[in-house]
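# Examining the three-dimensional arrangement
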Amino acid sequence: MRFLLINHVQNAKQSLKCSRVRSTLTMLGITIGVASITTILSLSGGASRVISSQIDALGGNIAVIKPGVASSTVNNVAQTQSTRDYATSTLTEKDITYIENTPQVQSAAPLMVLSGTIKADSVASSSSVIVATTPKLQNIANLKLRDGQFLDNQLDKNTVVVGLQLSIDTFGTESSIGKILTIRGQNFTVVGVLKRINEPVNYNSVDFDNAAIINFEVGKSLNQNVAQIQQIDVKADSVSNLNKVVASINKTIKNSHKGENDFSVLIGDKISQPTSQLFFMIAKVTTAIAAISLIVGGIGIMNIMLVTVAERSREIGIRKALGASNADISWQFLIESLAISLGGCVSGYILGYIIAIAISKFLIFTPVFTWQIAITALIVSLITGTLFGLYPALRAAHKDPIESLHRYE
Amino acid sequence: MADTTSTPVIKLHGLQKRFGIGDAETFALNGVNLTINKGEFVAIMGPSGCGKTTLLNILGLLDRTYDGEYELNGTSVATISKRKRAKIRSQQIGFVFQSFNLINRLSVIENVALPLIYKGATRTKRLIIASDILRNFHLNEREYYMPYQLSGGQTQRVAIARALVNDPSIILADEPTGNLDSRSSHIIMEELSDLHKRGNTIIMVTHNPRLTTYASRVITMLDGQINTDTKEDASSIANRYEIHKPLRPVKQKNRFLNRIKRRKK
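Residues numbered from 1 in each chain as written. Chains lettered and ligands numbered in written order. Predicted model: local features only at pLDDT ≥ 70, side-chain atom pairs only at ≥ 80, totals over all residues.

## Focus: unusual backbone geometry
Short version of the rule: Helix and strand definitions here come from DSSP, where helices need a minimum of 4 consecutive H or I residues and strands a minimum of 2 consecutive E residues; each element is numbered from the N-terminal end. In this scheme every C-beta is placed from the backbone, and a residue whose C-beta has 20 or more other C-beta atoms within 10 Å is buried, one with 12 or fewer is exposed, and one in between is partly exposed.
For A:Lys258, which is not a glycine, the phi torsion comes out positive at approximately 60°. Following the sequence through the fold, A:Lys258 ends up in the loop between α8 (242-256) and β11 (263-267). One non-glycine residue, B:Glu175, lies in positive phi territory at about 50°. Relative to the elements of secondary structure, B:Glu175 occurs in the loop between β7 (170-174) and α6 (182-197). Residue classification places B:Glu175 among the buried positions, given that 20 C-beta atoms sit within 10 Å.

## Points about the domain arrangement of chain A
For the record, the criterion: Either an automatic procedure or a domain database provided the assignment from which the domain bounds are taken.
When its domains are assigned, chain A resolves into domain 1 (2-51 + 277-406) and domain 2 (91-261). Computed from C-alpha atoms alone, the centre-to-centre distance between domain 1 of chain A and domain 2 of chain A is 53 Å.

## Quick word on the packing of helix α2 (residues 20-57) of chain A against helix α12 (residues 371-397) of chain A
When two helices pack together, their arrangement is given by the angle between their axes and by how far apart the axes lie. Residue and element names in this part refer to chain A. Rules: For helices, the fitted axis covers only the stretch in contact; all axes are lines through C-alpha atoms, and the angles between them, taken along N-to-C directions, range from 0 to 180 degrees. Put simply, angles under 35 degrees are roughly parallel, angles over 145 are roughly antiparallel, angles from 65 to 115 are roughly perpendicular, and the rest are oblique. If you view the pair so one helix is near and one far, a crossing is left-handed when the near helix is turned anticlockwise from the far one by less than a right angle, and right-handed when it is turned clockwise. Note that contacts rest on C-beta atoms placed from the backbone: two residues are in contact if these are within 7 Å.
Here α2 crosses α12 at 150°, and the two axes come no closer than 10 Å. With respect to each other, α2 and α12 are oriented roughly antiparallel. Considering only the axes of α2 and α12, their crossing is right-handed. Where α2 approaches α12, its residues Ile30, Val34, Ile37, Thr38, Leu41 and Ser42 are matched on the opposing element by Ile373, Thr376, Ala377, Val380, Ser381 and Thr384.

## A look at the interface of chain A and chain B
What counts, and what does not: Side-chain classes are defined by residue name, with Ala, Val, Leu, Ile, Met, Phe, Trp, Tyr, Cys and Pro counting as nonpolar, Asp, Glu, Lys and Arg as charged, and the others, Gly among them, as polar.
Counting from both sides, the interface comprises 19 residues of chain A and, opposite them, 20 residues of chain B. Secondary structure elements with two or more residues in the side of chain A that touches chain B: α1 (2-18), α10 (313-321), α11 (326-360) and α13 (401-406) of chain A. If you tally residues by element for the side of chain A that touches chain B, the top one is α1(A), at six residues. Residue composition of the side of chain A that touches chain B, by class: ten nonpolar, six polar and three charged.

## Some details on the environment of A:Arg395
Looking at the secondary structure, you find A:Arg395 in helix α12. The sequence separation of A:Arg395 and A:Val131 amounts to 264 residues, and the corresponding C-alpha distance is 69 Å.

## Describing the sheet that holds strand β3 (residues 41-45) of chain B
Residues and elements named next belong to chain B. Applied cut-off: Paired strands, in this sense, are two strands between which DSSP finds at least two bridges.
Within the open sheet, the six strands sit side by side as β6-β7-β8-β3-β9-β10. Their pairing is mixed. Single-partner strands in this sheet number two, and they are β6 (93-96) and β10 (225-229). Adjacent strand axes in the sheet meet at a mean angle of 20°, parallel and antiparallel pairs treated alike. Looking at chain direction, β6 and β7 are connected through four bridges and run parallel. Bridge pairing links glycine 94 to isoleucine 171 in β7. Strands in contact with helix α5 (residues 152-164) are β6 and β7; relative to β6, the strand with the most contacts, it is inclined by about 170°.

## Things to note about the sheet that holds strand β5 (residues 75-76) of chain B
Residues and elements named next belong to chain B. Here four strands make up an open sheet; going across it, the order is β2-β1-β4-β5 and the pairing antiparallel. Each edge of the open sheet is held by one strand with a lone partner, namely β2 (26-37) and β5. Bridge analysis of strand β1 (residues 8-19) against β2 gives nine bridges, and the strand direction is antiparallel. Bridge pairing links isoleucine 10 to isoleucine 36 in β2.

## Let's talk about α5(B)
Residues and elements named next belong to chain B. Here is the rule we go by: The span you would expect from a helix comes to 1.5 Å times its residue count less one.
Given a rise of 1.5 Å per residue, 13 residues ought to cover 18 Å, and the 19 Å separating the end C-alpha atoms of α5 matches this to within 8%. In terms of burial, α5 is a largely internal element, eleven of the 13 residues being buried. Those residues of α5 lying buried are Gln154, Thr155, Gln156, Arg157, Val158, Ala159, Ile160, Ala161, Arg162, Ala163 and Leu164.

Structure follows, in structure tokens:
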């Protein structure tokens, strides 16, 4: 049986070589299907990794505390984040103090995103945000300044640090130190301009290029003296202590919230879960659409295999007369269709990555290379090859040898 | 070669083969009773359409739709499973077809090695055996030619080489020399009779009465039935003919054989 298998493979190779154009075109169907699946999976994987890779770049010792319980699955695509932004936060100012006092926590900074107009010479675009936070954010989020300094408790309360794009939009210049920015009708002096970060998607859900960062206390006063904390960024003193930190924060905040589990401490991939799950859902749908093209490719295989079987009915007759059993014949043709689909799989996988890399030049993320994608491509194409090769193979096996022998005489 | 052992390899009883149904029903074989012993060289003759090829297909286990009894080596063929039948074809039966029936996209040597695949031989072993047998047929220089690059005679020799490669105990040949010149015919017939001497059973359909001289037994068929059979004396009679002499027509020969038979009785 082992020798037979090797022989079938040799035979398939040879017969595919004999009708090269036909095999290549059939393979192309599978190639396109596998390529689209590979592209979608690698890009969606890349998209969901954007945030966690940022955290890794920051040292991997970041935890994020968010109000409410993070659901592990997205039930409703339309409801992933928007509701949480407008609901009253369960996190309080006291929690920040508790967290800062937790052992092994290096620093913690609350994030409070406010809405409102920002203007100076001209009004900033609607995509710009007002972020109220403490000076510690600079260290945690690794914000680098182009000019001036970050927020400081020693300074006047009404100071602001602006993102580079915001500075250009409102003042028309990159160097806006000392100029006056009006936020919600209140005047702020620009003390610093951030370097361009170019990470519109990140774990803070804030595009710092377009942000006006103000003092937490001032932010509170703009918000009727209520601290609406969207999230608290926590930095542990080392990566190895992160899990310990998460556990103790969980404990302390739970105590201060009277035992209610109305918050979540997230690390690693979990931070980006709402975003990445949205990506995953989109990816699932698009993969399903890509699978249709694979089915079309499969039908192509079946079609060509049926033609091959008809063409070779004499060969089938000869082989049977020379001692081939029905199983031998069906294996021969099944392996041939598997060879087509495997060829399509390999070329599709390569083509898929070429397309993904080309597309990622226009996106903020790069495609991921994981063994899961390779295995998916392999399994999917093997299933296609088997499924659509089975009927022609069985048909070949059940041909009457005498009829087959006399077919073309 | 009358020293044939008396074990019957093939035993047919009331064998019938029908084509068509109802009014269109015709019998290709209509009650064939035949026993072929181990080591016999049987030549089957008869006009076109008398059922020779059909008989050969049934004997070769290719055709299963017949009525009557067929015992191969003592077992009724009707009880043998499909898979087992393929195995018997692979190990015991060698086919030489009326048309050459080589696979066109395979080279000569690969065509010859084909039956060995289903016997489970490795590729190297297959090629060695195939090469050996091709040398016997003076085709060793054509090993890597494609079938369409050969002359008709060479093609048939390849086909015969293929039938012999498995060293089958029964060889079924449908006009093996039909497309060959006399020199090639001679080589092939010598090869067949050599196999016969080694104890193989050979059943050959032929139109050429000259070839019956190699046979130990000549059967003529007519309208799906066995017309004449030279069971006992075929070989001894045949030996009286000199091969190089022009032979008498078949009918004449059969008449002659029958006369002898009758006299014996």
